[in-house]
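Listed below, chain by chain, are the residues.
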2 protein chains.
Amino acid sequence: MKVQIITIGDEILIGQIIDTNSAWMAQQLNANGAQVVRIESIGDEYEEIQQTLDRSIANADVVLITGGLGPTKDDITKKALADYFNTEMEFHPESFERIVKIFERWGRTTTEAHRQQCYMPKNAELLFNKMGSAPGMWFEHKNTVIISMPGVPYEMKYIMKYGVIPRLKERFPMQGILHRTIRTVGEGESRIAERIEDIESALPQHIKLAFLPSLGTVRLRLTAKGKTEEELAADIQHYSQQIEERIPELIYGHDSQKLEEAVGQILKARGLNLATAESCTGGHIGHKITSVPGSSAYFIGGFVAYSNNVKVQQLGVQEHTLKQYGAVSEQTVIEMVKGTNKVLGSDIAVAISGVAGPGGGTKEKPVGTVWIAVGNQKKIVTKKLSIGKDRIKNIEYSSVQALNMIRQFAVEQYNLVTENI
Amino acid sequence: MKVQIITIGDEILIGQIIDTNSAWMAQQLNANGAQVVRIESIGDEYEEIQQTLDRSIANADVVLITGGLGPTKDDITKKALADYFNTEMEFHPESFERIVKIFERWGRTTTEAHRQQCYMPKNAELLFNKMGSAPGMWFEHKNTVIISMPGVPYEMKYIMKYGVIPRLKERFPMQGILHRTIRTVGEGESRIAERIEDIESALPQHIKLAFLPSLGTVRLRLTAKGKTEEELAADIQHYSQQIEERIPELIYGHDSQKLEEAVGQILKARGLNLATAESCTGGHIGHKITSVPGSSAYFIGGFVAYSNNVKVQQLGVQEHTLKQYGAVSEQTVIEMVKGTNKVLGSDIAVAISGVAGPGGGTKEKPVGTVWIAVGNQKKIVTKKLSIGKDRIKNIEYSSVQALNMIRQFAVEQYNLVTENI
């Protein structure tokens, strides 16, 4: 089942809103074995809508349209659809009665715009919209299904979930498709590609591998299609295992799992708690850790040791360490870890200090120089990064590296609690 | 100048990533008087790329392409472009040397994939990419400019800002157009619209007002076009003044200025320093403040007081306060402010404690309840927020509100240093 998505709205073309509907729809469709072949965003223009519709119907089994409906949109979309299908508009009393009832409940009265909104193309089958006043519309035309929905995300999602997906599944029995994403941290895209080159080039035709890099992490996505679901699952399992055995130390999770979630699970499974002492990242590591629901189970808190005073007075970093080695040094981050564990009684602490830039760089410590330390009472590991000149990138990248060091330290130094029982 | 945007990447079509590049590019282009007529997302497919290119060139003066570049993308995009323009691939030694140098600095070696990446279509003019290894490419074909950029947002943004926009402005002299963005915080979009309704409806035809809401802030963008630059400047000045006089307390800055930058300037101009004590935001306020270059001039640091222990032991919050009122209470954030100012010797401290969710809510304090306090030795102001159920939104929105409270407190309680002289 090939699907084309069309999102209608001038607000997308001027960049006022980001089109998040398409990604959500694509996810849903993909998970159900459909293939999105193209996403197009166009303005609220009669001719544009008709032309795009014409081209889409020629290329796809299903065309999903969002946006261009609602009381202030002048019904251009509905008119363009009705004319394209050579049909007329027809008043739909049930839709209007529903709006009247809702407005009565709110103690308000409907306007002429609401009445106008209830004229629908005659050939449309209406899809109930519990979340708003404009229903979805289902059209059949030349073996293609065309569905028009409002652009408000929660309205679209309701109609998709209860009106569209179940009916599409009946209408187009779908071919199996399966994805598995292996999430890595610690190496760049090209280095990983090199390490698994032979595995990648030996992949059978029906399995594809995609590299999806972010700042500091790379996702490897395996996609299998064209066989039964069982066969695909076996294939995906086989090849993902090959990859995982080649680069085990880089893998922190699968599918939608984030690095900070993986770190949290590792800490929780080992009964450990964590504290932070952040200089150059200013709280970003703490923010990442606490963006995970339930992080209070393993995160104590910590210090934003931005000024040297905080490092000295709160964490007990020695004045002469700062003088001799500087705030951005292995010695300083080691003392920050020791101080944090001592003051907060944490099992593990992470400390970070660096030159985020754009100012503050020197010849020995250029912008992008960052020291990280992770440790407990017995052992402290350190790492020096030489990143780049962009402040925001330096903060983000070094936060990711710090999380990875916590992950590695916890895995290497501690057994699972369950294993100890 | 009509622009078509094409984003390439299977990851968009399966909904794995949301295409945020298009909206950003559309905003930039719009601000420079260009009109985006269509945004298309397609897969990493040779024929798709060529067909879409062909159709786009027929409809637009400029075609902007992002994605499909990078060492593991198999160069489908570059090959499709070269073939479309009937040209060959050529090795670009300077690009390769740059990658080698960067890798040397990281203490790493390049791979064959990096070398392959430096083959470019012969007719491409390269656009420097300071943020990554794949340069942008500028093509001229049948009076249309075609630009190909990597899909990594910060790489694309760098190339757009320094390579594309300035050159497009030269190539397509644009109709006089002028923008001014008034940045507000503290009220929602519809409430602001209500307060300036009469000003908006009295705007002359050649001036448009757009409301651009984000989480907690709203930008009001005035756009004037069709007259001489001088006339436009006078008009923009006139109407922005009207708006600013109506809602002065909501305005924190103009154009590209961020709230955290405005806060920094206000603190700096008053010779004040700031410290933080964050519970529910976990470091996000500190991160925002320190994302501004030079923030060490006014930011000391602070505490991530995630656990109650940190609140009690580091900040001196009293046990009975936590017992009687709870960690999410006005009393607790007041004590956190007092403790922070005392312990760190800061002029102003901000403290925040809330139920970020999704768990932890009660009937009296549902998820989304957040208390914020800002104060110095003499005075402390507090605010209670009732936000929503989404953890990430609660953290972001309450951080913005906290920054705004710092801004208001500093402005109301302190005179400019220069005024004291």
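Residues numbered from 1 in each chain as written. Chains lettered and ligands numbered in written order. Predicted model: local features only at pLDDT ≥ 70, side-chain atom pairs only at ≥ 80, totals over all residues.

Visitor: Any chance you could explain the overall build of chain A here in plain terms?
Guide: The helix and strand tally for chain A stands at 17 helices and 17 strands. If one aligns the C-alpha atoms of chain A with their principal axes, the spans along those axes are about 85 × 55 × 50 Å. Sorting the 421 residues of chain A into buried and exposed places 47% on the buried side. Across chain A, contacts joining residues at least 24 apart in sequence account for 67% of those joining residues at least 6 apart. (Helix = DSSP H or I, 4+ residues; strand = E, 2+ residues; numbered from the N terminus. Buried ≥ 20, exposed ≤ 12 C-beta atoms within 10 Å, placed from the backbone. Contact = placed C-beta atoms within 7 Å.)

Visitor: Can you walk me through the interface of chain B and chain A in this structure?
Guide: Frequently, the measure chosen for interface size is the accessible area that the parts lose on association. Chain B puts 64 residues into the contact, and the matching count from chain A is 62 residues. Tallied by class, the residues present in the side of chain B that touches chain A amount to 32 nonpolar, 24 polar and eight charged. Pairing of strand 14 (residues 299–304) of chain A with strand 14 (residues 299–304) of chain B involves three bridges; the strand directions are antiparallel. Within the sheet, the bridge partner assigned to Gly302 of chain A lies in strand 14 of chain B and is Val304 of chain B. (Nonpolar A, V, L, I, M, F, W, Y, C, P; charged D, E, K, R; others polar. Pairing = 2+ DSSP bridges.)

Visitor: When you look at the domain arrangement of chain A in this model, what are you seeing that I'm missing?
Guide: Residue and element names in this part refer to chain A. In terms of domain boundaries, chain A breaks down into domain 1 (2–171), domain 2 (177–254) and domain 3 (259–419). Here the C-alpha centre of domain 3 lies 30 Å away from the C-alpha centre of domain 2. Split by residue class, the side of domain 2 that touches domain 3 holds three nonpolar, four polar and no charged. (Domains from an automatic or database assignment.)

Visitor: I tried to follow the nonpolar core on my own but got confused; where do I start?
Guide: In a soluble, globular protein the nonpolar side chains are often hidden away together inside. Counting residues in each nonpolar core, the largest one holds 108 residues, and the members touching the most others are Val350, Ile372 and Ile406 of chain A together with Val350, Ile372 and Ile406 of chain B. Residues within four places of Val350 of chain A in sequence aside, it is in contact with Thr276, Ile285, Ile372, Val374, Ala402, Met405 and Ile406 of chain A. (Core = buried A, V, L, I, M, F, W, Y, C linked by C-beta atoms within 7 Å.)

Visitor: Please clarify how the sheet that holds strand 8 (residues 144–149) of chain A should be interpreted in this entry.
Guide: What holds strands together in a sheet is hydrogen bonding between their backbones, with the strands either parallel or antiparallel. Taken in spatial order, the 12 strands line up as 6(A)-7(A)-8(A)-3(A)-1(A)-2(A)-2(B)-1(B)-3(B)-8(B)-7(B)-6(B) in an open sheet, and their pairing is mixed. In the strand order of this sheet, the two ends are held by strand 6 (125–127) of chain A together with strand 6 (125–127) of chain B, each with one partner. Here the average twist between neighbouring strands, direction ignored, is 20 degrees. Its contacts with the sheet put helix 3 (residues 46–59) of chain A on strand 1 (2–8), strand 2 (35–42), strand 3 (62–66), strand 7 (136–141) and strand 8 of chain A, and the angle it makes with strand 1 of chain A is roughly 170 degrees. (Axes fitted to C-alpha atoms, helices over the stretch in contact; angles between N-to-C directions.)

Visitor: Help me understand helix 5 (residues 93–105) of chain B in this model?
Guide: Residues that lie three or four places apart on an α-helix share one face, since the helix turns once every 3.6 residues. Over its 13 residues, helix 5 of chain B runs 18 Å from end to end, which matches the ideal 18 Å to within 8%, given 1.5 Å per residue. Just beyond helix 5 of chain B, the residue with positive phi is Gly107 of chain B, at close to 70 degrees. (Expected span 1.5 Å × (residues − 1).)

Visitor: How should unusual backbone geometry be read in this particular structure?
Guide: Trans is the common state for peptide bonds, and a negative phi is the common state for residues other than glycine. The omega torsion across Gly357 of chain A and Pro358 of chain A is 0 degrees, close enough to zero to call that bond cis. One can find Pro358 of chain A in the loop between strand 15 (348–354) and strand 16 (369–375). A positive phi is found at Asp255 of chain A, a non-glycine position, where the angle reads about 50 degrees. With respect to the secondary-structure elements, Asp255 of chain A resides in the loop between strand 12 (251–254) and helix 11 (259–269). For Asp255 of chain A, a count of 11 C-beta atoms within 10 Å corresponds to the exposed category. The phi torsion at Asn86 of chain B lies on the positive side, around 60 degrees, for a residue other than glycine. With respect to the helices and strands, Asn86 of chain B occurs in the loop between helix 4 (76–84) and strand 4 (89–91). Asn86 of chain B sits in the exposed class, given 10 other C-beta atoms within 10 Å.

Visitor: Quick question: what am I supposed to make of the packing of helix 2 (residues 21–31) of chain A against helix 7 (residues 153–171) of chain A here?
Guide: The geometry of a pair of packed helices is captured by two quantities: the angle between their axes and the separation between those axes. Residue and element names in this part refer to chain A. Contact geometry of helix 2 with helix 7 gives a least axis separation of 11 Å together with a crossing angle of 20 degrees. Accordingly, the angle class assigned to the pair helix 2 and helix 7 is roughly parallel. The two elements helix 2 and helix 7 cross, and the hand of that crossing is right-handed. Across the interface between the two elements, Asn21, Trp24, Met25 and Gln28 of helix 2 pack against Pro153, Met156, Lys157, Met160 and Ile165 of helix 7. Split by residue class, the contact of helix 2 with helix 7 holds six nonpolar, two polar and one charged. (Parallel < 35°, antiparallel > 145°, perpendicular 65-115°, else oblique. Left-handed = near helix turned anticlockwise from the far one by under 90°.)

Visitor: What is the right way to look at the packing of helix 13 (residues 308–315) of chain B against helix 15 (residues 330–344) of chain B in this model?
Guide: All names here are of chain B. The contact between helix 13 and helix 15 brings their axes to 9 Å, and the two run at 45 degrees. Comparing the axis directions of helix 13 and helix 15 gives the class oblique. Seen along the crossing, helix 13 lies across helix 15 with a hand that is left-handed. Taking contact as the criterion, the partners of Lys311, Gln314 and Leu315 in helix 13 are, on helix 15, Met336, Gly339, Thr340 and Val343.

Visitor: So what exactly am I meant to see when it comes to the sheet that holds strand 15 (residues 348–354) of chain B here?
Guide: With mixed pairing, the 10 strands of this open sheet are ordered in space as 17(A)-16(A)-15(A)-13(A)-14(A)-14(B)-13(B)-15(B)-16(B)-17(B). The two strands at the open ends of the sheet, each matched to only one other strand, are strand 17 (380–386) of chain A together with strand 17 (380–386) of chain B. In this sheet, adjacent strand axes meet at a mean angle of 15 degrees when their direction is disregarded. The strands touched by helix 15 of chain B within the sheet are strand 13 (274–278), strand 14, strand 15, strand 16 (369–375) and strand 17 of chain B, with strand 15 of chain B carrying the most contacts at an inclination of about 145 degrees.

Visitor: Sorry, what's going on with the pairing of strand 16 of chain B here?
Guide: The side chains of a regular strand alternate between both faces of the sheet. Residues and elements named next belong to chain B. With respect to burial, strand 16 is a largely interior element, seven of its seven residues being buried. Judged by which residues are buried, strand 16 turns out to be covered on both faces: Thr369, Trp371, Ala373 and Gly375 on one side and Val370, Ile372 and Val374 on the other are all buried. Summarising the sheet, strand 15 and strand 16 pair through six bridges and their orientation is antiparallel. By the bridge assignment, Ser353 is partnered in strand 16 with Trp371. Inspection of the sheet shows strand 16 paired to strand 17 by seven bridges, in the antiparallel sense. Of the residues in strand 17, the one forming a bridge with Thr369 is Ser386. Counted between consecutive antiparallel strands, the loop separating strand 16 from strand 17 contains four residues.

Visitor: Looking at this structure, I do not really get helix 10 (residues 229–246) of chain B. What am I missing?
Guide: Residue and element names in this part refer to chain B. Here helix 10 spans 26 Å end to end across 18 residues, near enough to the 26 Å set by a 1.5 Å rise per residue. Within the sequence span of helix 10, burial applies to Leu232, Tyr239 and Ile243. Burial along helix 10 is one-sided: seen end-on, the buried residues are contained in an arc of 55 degrees. Residues of helix 10 that are exposed and point over 90 degrees away from its buried face: Glu230, His238, Gln241 and Glu245. Here the buried face of helix 10 lies against strand 9 (177–185), helix 9 (197–201), strand 10 (207–213) and strand 11 (217–225). (Arc of directions from axis to C-beta.)

Visitor: Help me understand the environment of Met1 of chain A, please; the structure alone is not making it clear to me.
Guide: Residue and element names in this part refer to chain A. Here Met1 shows up in the segment before strand 1. What makes Met1 partly exposed here is the crowd of 19 C-beta atoms within 10 Å. Along the primary structure Met1 and Leu322 are separated by 321 residues, whereas in three dimensions their C-alpha atoms are 64 Å apart.

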